[in-house]
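# Geometric and topological summary
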Amino acid sequence: MRNGLQWLVGLVIVATLAACSTGPRAPEAPTRPPATQPRDLGPLTGSLAHPKSRWVPVGWGELPGFGEDPLHEAWIALLANCSRPNAAFAPLCRDVRQLTIATPEEQRQWMTDRLQPYRIEALNGQTEGKLTSYYEPVYEASRVPTATFNVPIYQAPDGLVPRRPWYTRQEIETLPEAQAALRGREIAWMADPIDALMLHIQGSGRLRITEANGYQHTVRVAFSATNEQPYRSVQQWLMSQGVSKVGKWPDDTKAWAAQNPQRVTQLMWSNPRYVFFREETMSEVDAAFGPRGAQGVPLTAGRSIAVDRESIPYGTPVWLASNGPAAQLQKLVVAQDTGSAILGAVRADYFAGTGADAGRLAASMNQPLRLWALWPRQLPAP
């Protein structure tokens, strides 16, 4: 996989150079649930059985903006997809690799020759859903607790059982038995509890860690597990407390916390879910991509989406159209991740990228969505 990533880094450079001739792009899109831990999924069959959606074959002319998308950008995600393709898409990966440096017109022609578009609908015929967004945050952290860095980020404790509730967030922070189970499991320490909560919500991120000897470097922390407690929105809790302006997460929440420092703990405890992480070293190759999604491949900023697997199989190329205040999007993306809040037929979470700009985009994204699956022609229609 390392060699594959190095190849992809080279393709990122090629794509960047190609982009110089396309002119500036319109701003793209942002909010997210915890990322799902990459795991051994077994054979990715690309099954045509979709419990939550109906796929309706359509002509390419139905896809808005199909002739305008700079496909060289999407090809990075398609190549990543080919490191772990579903069974339906695997036979096309040789073509995908050969077309890496082809012109957009050649790539578009190949798509129309080899793929069939299907409009994705809910079982009741509803064609419009919702697009949100997520990103990979970057925070300062310390390997040892200090007066400033005193919010721990934990590895999963021993004995955690999937689908069996463990201690709540409040219990984790107050009960001696919960503290004992987590002692020595600290990955690092952050300075702001709300930033730590944002890391929990996004499910992965990068930490610029200062080691005990002063050495500084960046690592990635990826989703490992949760305490299997229900997720509760702190924004909803703030509104229940009579706070009227909480629409700009996390800025409004941080402003409220600065004015109400004595209630920050109460705010945090309103969400009983707690996320545990695993640390991953990050080379320059890794840094060029996002975290691995549930499909097990690195996410590509602006070209990877999280979906409901009961509507769209991992590894499916998807045409996405969404017009709203956050972004105007008509583009090729690939279904490479999932999330606990991404449920339904026409539902997607758009990976905006890494860092503060991606976070601002992710925080503002909540708008209408339409989706079309692009399925290999040699297979029967779903």
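Residues numbered from 1 in each chain as written. Predicted model: local features only at pLDDT ≥ 70, side-chain atom pairs only at ≥ 80, totals over all residues. Heavy atoms only, no water.

### Some remarks on the overall build of the protein
Of the regular secondary structure elements, the protein holds twelve helices and 14 strands. Counting the 382 residues in the protein, one finds 53% classified as buried. Only carbon and sulfur atoms are counted for the fraction: they give 52% of the accessible area of the protein, which is about 16,700 Å². (Helix = DSSP H or I, 4+ residues; strand = E, 2+ residues; numbered from the N terminus. Buried < 20%, exposed > 50% of the residue type's maximum accessible area, 1.4 Å probe, protein only. Areas by Shrake-Rupley, 256 points an atom, 1.4 Å probe, with all protein chains shown as cover.)

### Quick word on helix 2 (residues 71-81)
For helix 2, the tally of buried residues reaches eleven of eleven residues, placing the bulk of the element in the interior. Three or more residues of helix 2 are buried, namely L71, H72, E73, A74, W75, I76, A77, L78, L79, A80 and N81.

### What to know about the state of the cysteines
Scanning all chains against the criterion turns up one disulfide. Here C82 connects covalently by a disulfide to C93, the sulfurs 2.2 Å from one another. Looking down the S-S bond of the C82 and C93 bridge, the torsion is -90°, so its handedness is left-handed. Of the two residues, C82 sits in the loop between helix 2 and helix 3 (93-98) while C93 sits in helix 3, which places them eleven residues apart along the sequence. You'll find C82 and C93 in the same group, each marked buried. (Disulfide = S-S within 2.5 Å.)

### Quick look at the environment of S133
Counting through the fold element by element, S133 comes out in strand 3 (residues 129-136). The sequence separation of S133 and Q367 amounts to 234 residues, and the corresponding C-alpha distance is 9.9 Å. Here the side chain of S133 touches Y350 through a polar contact of 2.6 Å, landing on its backbone oxygen. (Polar contact = N/O pair within 3.5 Å; in protein donor to acceptor, adjacent residues only side chain to side chain.)

### Some thoughts on the nonpolar core
Nonpolar side chains in soluble globular proteins generally cluster together in the buried interior. Counting residues in hydrophobic clusters, the biggest one holds 35 residues, and the most contacted among them are M190, L199 and L207. Looking at which element gives the most residues to this core, the answer is helix 7 (residues 193-202), with six residues. L207 has contacts with Y139, A141, A188, M190, L199, H217, T218, V219 and V221, leaving out every residue within four places of it along the chain. Formed by 26 residues, the second largest nonpolar core is a distinct cluster that contains L92, M111, L115 and L374. (Core = buried A, V, L, I, M, F, W, Y, C linked by side-chain atoms within 4.5 Å. Contact = heavy atoms within 4.5 Å.)

### Observations concerning the packing of aromatic side chains
Inspection of every chain in the model, using the stated rule, returns eleven aromatic pairs. Judged by centre distance (5.4 Å) and plane angle (45°), the ring pair of Y274 and F276 falls under tilted. Since its relative accessible area comes to 0%, F276 is described here as buried. Over the ring of F66 we find R108; its NZ or CZ atom is 5.9 Å from the centre of that ring. (Phe/Tyr/Trp six-rings, centres within 6.5 Å; stacked < 30°, edge-to-face > 60°. Lys NZ or Arg CZ within 6 Å of the ring centre and 35° of its normal.)

### Notes on the pattern of salt bridges
If charged atoms from side chains of opposite charge come close, those side chains can pair. Following the criterion strictly, the structure yields 17 salt bridges and no others. Where D69 meets R303, a salt bridge forms, and the shortest distance between an N and an O atom there is 2.9 Å. With a gap of 234 residues between them, D69 in the loop between strand 1 (53-57) and helix 2 and R303 in the loop between helix 11 (284-287) and strand 10 (304-306) connect regions that are remote in the sequence. Across the pair E73 and R303 runs a salt bridge, and its minimum N-O distance is 3.1 Å. One end of the pair, E73, is in helix 2; the other, R303, is in the loop between helix 11 and strand 10, and 230 residues separate them in sequence. For R303, a relative accessible area of 2% gives the class buried. Salt bridges here are not isolated pairs; linked through shared partners, they connect R54, E62, R119 and E121. (Salt bridge = Lys/Arg side-chain N within 4 Å of Asp/Glu carboxyl O.)

### Overview of unusual backbone geometry
In the Ramachandran plot, R163 falls in the positive-phi region, its phi being about 65° despite a non-glycine side chain. Counting through the fold element by element, R163 comes out in the loop between strand 5 (151-154) and helix 5 (169-174). With a relative accessible area of 73%, R163 lands in the exposed category. At E228, a position not held by glycine, the phi torsion is positive, near 60°. One can find E228 in the loop between strand 8 (216-226) and helix 8 (234-240).

### Describing the side chain of T316
As for its placement among the helices and strands, T316 is situated in the loop between strand 10 and strand 11 (317-323). On the accessibility criterion, T316 (0% relative accessible area) is buried. Not counting the four nearest positions on each side in its chain, T316 is found in contact with W55, N86, V333, V334, A335, A373, L374 and W375.

### As for the pairing of strand 7 (residues 204-210)
Among the seven residues of strand 7, five are classified as buried, and the element is accordingly described as predominantly covered. Bridge analysis of strand 4 (residues 138-142) against strand 7 gives five bridges, and the strand direction is parallel. Opposite S142, over in strand 7, you have T210 as the bridge partner. Taken together, the seven bridges between strand 7 and strand 8 define a ladder with antiparallel strand orientation. When the bridges of strand 8 are listed, G205 appears paired with V221. (Pairing = 2+ DSSP bridges.)

### Some details on the packing of helix 2 against helix 4 (residues 104-114)
Running from N to C, helix 2 and helix 4 point in directions that differ by 55°, and their axes come no closer than 9 Å. With respect to helix 4, the axis of helix 2 lies oblique. Counted together, L71, H72 and W75 of helix 2 and P104, Q107, R108, W110 and M111 of helix 4 form the full contact between these two elements. Residue classes in the contact of helix 2 with helix 4 are distributed as five nonpolar, two polar and one charged. (Axes fitted to C-alpha atoms, helices over the stretch in contact; angles between N-to-C directions. Parallel < 35°, antiparallel > 145°, perpendicular 65-115°, else oblique. Nonpolar A, V, L, I, M, F, W, Y, C, P; charged D, E, K, R; others polar.)

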